Amino acid sequence: MFLGEDLIPYLILAFGAALTVGNVAALVRPRRPRSDGGAPLRASARRAVPLALVGLVASIWSLATLLSG
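Worth saying up front: this structure is predicted, and the values here are computed from it rather than measured. For every chain, the first residue of the written sequence is number 1, and numbering continues from 1 along that sequence. Side-chain atom pairs in this predicted model are given and counted only at pLDDT of 80 or more, local residue features only at pLDDT of at least 70, and totals for whole chains, interfaces and linings cover all residues. Here the side-chain values reflect all heavy atoms present in the structure, with hydrogen atoms and water set aside.

Chemist: Outline the overall build of the protein chain, supporting the account with residue identities and numerical values.
Modeler: When its secondary structure is counted, the protein chain shows two helices and zero strands. Note on exposure labels: buried denotes an accessible area under 20% of the residue type's maximum, exposed denotes more than 50%, and partly exposed covers the range between, all computed with a 1.4 Å probe on protein chains only. Relative to its 69 residues, the protein chain shows a buried fraction of 14%. The contact definition used throughout considers only heavy atoms, calling two residues in contact when any of these lie within 4.5 Å. A separation threshold of at least 6 residues defines the contact pool for the protein chain, and within that pool the share at least 24 residues apart is 65%. Helix numbers and strand numbers start at the N terminus; a helix is a DSSP run of H or I with at least 4 residues, a strand a run of E with at least 2.

Chemist: I'd like to hear about the environment of Ala26, residue by residue, with values.
Modeler: For Ala26, the position within the fold is in helix 1 (residues 7–28). With relative accessibility at 28%, the residue Ala26 sits in the partly exposed group. With 22 residues separating them in the primary sequence, Ala26 and Ala48 have C-alpha atoms 7.7 Å apart.

Chemist: Any details on the environment of Arg42? Residues and values, ideally.
Modeler: Note on placement: Arg42 falls in the loop between helix 1 and helix 2 (45–68). Taking the C-alpha atoms as reference points, Arg42 and Pro30, separated by twelve residues in sequence, lie 4.8 Å from one another. Residues in contact with Arg42, not counting those within four places in the same chain, are Leu27, Val28 and Pro30.

Chemist: Can you tell me about the environment of Val28, naming the residues and giving the values?
Modeler: Looking at the element boundaries, Val28 is found in helix 1. Separated by 14 residues in sequence, Val28 and Arg42 have C-alpha atoms that sit 8.8 Å apart.

Chemist: Describe in detail helix 2, supporting the description with residues and values.
Modeler: Along its 24 residues, helix 2 runs 34 Å from first to last C-alpha, staying within 8% of the 34 Å computed at 1.5 Å per residue. Buried within helix 2 we find Ala48, Ala52, Gly55, Ser59, Ser62 and Leu66. Among the structural elements, helix 1 are those in contact with the buried residues of helix 2. A helix is expected to span 1.5 Å multiplied by its residue count minus one.

What follows is the structure, encoded as C-alpha cells:
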C-alpha cells in the first residue's frame, strides 16, 4: 500500500492535532491590534472550543488506533 498501512490514522492525528492547537492558540493569544488603534480581535469561544474538542477527540482516537495495532 502507498505510504504504508497506517496512512489514514497518521493523517487524522495530524489534522486533529492541528485543529486543537490552532483553536487553543486563537483563544489564548488574540490577533494583533488593527492599524487604526482598535482593540485586538479575539476568536469566538463559542466556535473555537467545540472545534478544539473535536480535534482533541480525533487525535486521541487516531493515537489509540496507532498504538493498539
